[in-house]
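# Notes for the structure review
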Amino acid sequence: YGSWDDSMSSVTHLIPKPPQKDLVKLFTHADKILRFKARFANPKPEDTDRIFVVSFFLQDDCLAIHEPPQRNLGIVTGRFLEKAVHMNQVTGQLFKAEDLLPGNMIKVYNHEFE
């Protein structure tokens with residue numbers, strides 16, 4: 001249950017090696033987070049009022065989705081998607097900062113956001 005790089009190194013190597021981190025990227029983009037508001041692209045009637053905050057961490061390309069509390073929504077809010085490296089189902093590759101431009105659709109675990 002390691003990171004994406006840990007899993008891929010065990011697939012490509014018979015004896016897995018620890019993944020190398022990009023230290024230049026880690027230090028130049030330390031504590032830089034891109035945050036966007038999002039909502040479901042094709043919501044069910046009960047999900048039309050739900051608002052999400054998509055956070056992309058530039059230092060390690062991790063993505064997290066959080067639902068802030070709203071009054072009288074009737075749904076338990078909080079963490080929707082845990083911070084980790086996730087696959088973009090639209091492109092079939094890992095998320096990059098370019099995938100999160102305003103107006104783009106993202107799809108994570110069969111949930112489409114706009």
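Structure shown above.
Here's what I pulled together on the structure shown here. Everything numeric in this text was worked out from a predicted model, so none of it was measured. (Residues numbered from 1 in each chain as written. Predicted model: local features only at pLDDT ≥ 70, side-chain atom pairs only at ≥ 80, totals over all residues. Heavy atoms only, no water.)

With five of its six residues buried, strand β2 (residues 52–57) lies for the most part within the structure. Summarising the sheet, strand β1 (residues 33–38) and β2 pair through six bridges and their orientation is antiparallel. Each residue of the ladder has a partner; that of Ile-33, found in β2, is Phe-57. The hairpin turn running from β2 into strand β3 (residues 62–67), its antiparallel successor, is four residues long, and Asp-61 in that turn takes a positive phi close to 60 degrees. (Buried < 20%, exposed > 50% of the residue type's maximum accessible area, 1.4 Å probe, protein only. Helix = DSSP H or I, 4+ residues; strand = E, 2+ residues; numbered from the N terminus. Pairing = 2+ DSSP bridges.)

Within the structure shown, the criterion is met by six aromatic pairs. Ring geometry for Phe-80 versus Phe-113: centroids 5.8 Å apart, planes at 90 degrees, classification edge-to-face. Residue Phe-80 is located in strand β4 (residues 78–84), and its partner Phe-113 is located in strand β8 (residues 111–113); the two are separated by 33 residues in the primary sequence. These aromatic residues form a ring-pair network of at least three members: Phe-40, Phe-52, Phe-80 and Phe-113. It is Lys-83 that lies over the ring of Phe-57; its NZ or CZ is 4.2 Å from the centre. (Phe/Tyr/Trp six-rings, centres within 6.5 Å; stacked < 30°, edge-to-face > 60°. Lys NZ or Arg CZ within 6 Å of the ring centre and 35° of its normal.)

Fair warning: the whole summary comes from geometry, so function is off the table for now.
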